[in-house]
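Each chain, written out:
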Amino acid sequence: MATQADCPAKVTLSGYQLIATYSLPPATLSGASAVAWNWDSDTLLILPDSGLVMVMVSKTGVVLSQMTMKNFSDTEGLTYMGGGTYALSEERLGRAYKFTYVAGGTLDRSTLQSIAIGPNTGTNDGSEGVSFDPRDGSWVSIKEKNPENVYRVTGSFATGASTYTDLFATAQLGVSDIADVLVLATVPGVADGPDADNILLLSQASNRLLKVSRTGQILGTLNLANLATNPEGVTMDASQRLYICSDSTAPKLYVYAPPASDLCTCPSDIDGDGVVGSGDLALTLLDFGVCPGSAADLDHNGVCDSGDVSMILIDFGVCP
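Before going into details, it helps to say that this report is about the structure given with it. (Residues numbered from 1 in each chain as written. Predicted model: local features only at pLDDT ≥ 70, side-chain atom pairs only at ≥ 80, totals over all residues. Heavy atoms only, no water.)

The next thing to look at is helix α3 (residues 306–315). Along α3, the residues that are buried comprise Asp 308, Val 309 and Ile 312. Here the buried residues of α3 occupy an arc of 100 degrees about the axis, which is enough to place them on one side. Of the residues in α3, the exposed ones pointing more than 90 degrees away from the buried face are Ser 306 and Ile 314. On its buried face, α3 sits against β22 (275–276), α2 (278–286) and β24 (303–304). Put simply, Asp 305 is the residue that caps the front of α3, since its side-chain oxygen is 3.1 Å from the backbone nitrogen of Gly 307. Among the residues trailing α3, Gly 317 stands out with phi positive, at a value near 125 degrees. (Buried < 20%, exposed > 50% of the residue type's maximum accessible area, 1.4 Å probe, protein only. Helix = DSSP H or I, 4+ residues; strand = E, 2+ residues; numbered from the N terminus. Arc of directions from axis to C-beta. Contact = heavy atoms within 4.5 Å. Polar contact = N/O pair within 3.5 Å; in protein donor to acceptor, adjacent residues only side chain to side chain.)

This part takes up the sheet that holds strand β17 (residues 208–212). Sheet architecture is open: four strands sit in the order β15-β16-β17-β18, paired in antiparallel fashion. A strand with exactly one partner marks an edge of an open sheet, and here the two such strands are β15 (180–183) and β18 (218–223). The mean inter-strand angle of the sheet, taken between neighbouring strand axes irrespective of direction, is 20 degrees. In this structure, strand β16 (residues 199–203) lies alongside β17, joined through five bridges in antiparallel fashion. When the sheet's bridge partners are listed, Leu 202 is paired in β17 with Leu 209. (Pairing = 2+ DSSP bridges. Axes fitted to C-alpha atoms, helices over the stretch in contact; angles between N-to-C directions.)

What follows is about the packing of aromatic side chains. Under the counting rule described, the total for this entry stands at eight aromatic pairs. For the pair Trp 39 and Tyr 80, a centre-to-centre distance of 4.7 Å together with 75 degrees between the ring planes defines the contact as edge-to-face. Highlighted residues: Trp 39 in the loop between β2 (32–38) and β3 (43–48) and Tyr 80 in strand β6 (residues 75–82), separated in sequence by 41 residues. By relative accessible area, Trp 39 is classed as buried at 15%. (Phe/Tyr/Trp six-rings, centres within 6.5 Å; stacked < 30°, edge-to-face > 60°.)

This part takes up the state of the cysteines. Counted under the stated rule, the structure contains one disulfide. Disulfide partner of Cys 291: Cys 304, at an S-S distance of 2.1 Å. Its torsion about the S-S bond being 100 degrees, the disulfide of Cys 291 and Cys 304 is classed as right-handed. Remark: Cys 304 occurs in strand β24 and Cys 291 occurs in the loop between β23 (289–290) and β24; sequence separation between them is 13 residues. As far as burial versus exposure is concerned, Cys 291 and Cys 304 are alike and both buried. (Disulfide = S-S within 2.5 Å.)

Examined against the element boundaries, Asp 237 turns out to sit in the loop between β19 (231–236) and β20 (242–246). Judged by relative accessible area, Asp 237 falls into the buried class, the value being 0%. Here the side chain of Asp 237 touches Ser 239 through a polar contact of 2.7 Å, side chain to side chain. The residues contacting Asp 237, other than those within four sequence positions of it, are Trp 37, Lys 59, Val 187 and Tyr 243.

Once that is clear, we can look at the sheet that holds strand β7 (residues 85–90). The strand order across the open sheet formed by four strands is β6-β7-β8-β10, and the pairing between neighbours is antiparallel. Two strands close off the open sheet at either side, each with one partner strand: β6 and β10 (114–116). Taken pair by pair, the neighbouring strands of this sheet meet at an average axis angle of 25 degrees, ignoring direction. Direction of pairing for β6 relative to β7: antiparallel, over a ladder of six bridges. The residue bridging Leu 78 from the neighbouring strand is Leu 88, located in β7.

Let us look at the packing of α2 against α3. Running from N to C, α2 and α3 cross one another at 175 degrees; their axes reach a closest spacing of 10 Å. With respect to α3, the axis of α2 lies roughly antiparallel. Contacts between α2 and α3 involve Asp 280, Leu 281, Thr 284 and Leu 285 from the former and Asp 308, Val 309 and Ile 312 from the latter. For the contact of α2 with α3, the class distribution of residues is four nonpolar, one polar and two charged. (Parallel < 35°, antiparallel > 145°, perpendicular 65-115°, else oblique. Nonpolar A, V, L, I, M, F, W, Y, C, P; charged D, E, K, R; others polar.)

Once that is clear, we can look at the pairing of β15. Alternating positions in β15 separate into two faces, Asp 180 and Leu 182 on one and Val 181 and Val 183 on the other, with burial throughout. In this structure, β15 lies alongside β16, joined through four bridges in antiparallel fashion. When the bridges of β16 are listed, Val 181 appears paired with Leu 201.

Turning next to unusual backbone geometry. Of all residues except glycine, most have a negative phi; of all peptide bonds, most are trans. Note the cis peptide between Asn 146 and Pro 147, where omega equals -5 degrees. Mapping Pro 147 onto the fold places it in the loop between β12 (138–143) and β13 (149–155). Phi angles above zero are rare outside glycine, and Asp 42 is one such case at about 55 degrees. Its place among the elements puts Asp 42 in the loop between β2 and β3. Asp 42 sits in the partly exposed class, given a relative accessible area of 33%. Of note in the backbone geometry, Gln 240 takes a positive phi value of approximately 65 degrees without being a glycine.

Encoded structure:
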């Protein structure tokens, strides 16, 4: 699969700017606790902690569809795993449940495969977030507080077997809780850059978003104290925009844009030789067809096709 040679995107949290705030429907998304970007459909799935319904929205907060939920109680974490498949976490049970989103359908927890991603606390301080790592099929999960934990999870939904182990001691983070986690390797471009192995941790109580290494070193911070409602869930799309949903009776979707210095200026130059040419076209043709995560998927629709070839032909020549 083609990887981006000249666009090792980075994530500089201190340079992010709030560019938009969208209201979410309070009837369904009051207490919005998690948001996940679907890289196949370029949409956002938002989950409230009520466990009653999940809602698919556009990146401007427009409701597209919803799915009824049954036999859930305290849903807090959500991650996309590709091919229409997600996993959500039940906080008090410390478990993640695999599912496929079906617009207008009903999701019954009792029918789903699940794995343990943290301790079964039975209390409102358990598994608050989970994020898939597409590089090896593992996950990173977090326990909210008392104490906070960041786990690496391995296992199989098919067998139900799993293991979760602490990545690092969380006292060094200096936050009062951890509300969500995002593995940066899920973001095209970033997956090939210096932040591929890093994660984002969202603290609701401390109003901070942290970029953290797998050993717990803080590599960047975004202050969220200016938000009108409590930040609860975070995700990032292919343009490296951050989407943060709020846990409130008046739920919001906050959108942050990255600094221009973080972005790739010549994405069509797949082989990184400074020129968009036959080599880039050849790499695209090699990946022709379904190609999630390929750098040749320039329009990020999950398929390397004529649309991507057209973009290369438009950009043919020396990169700016």
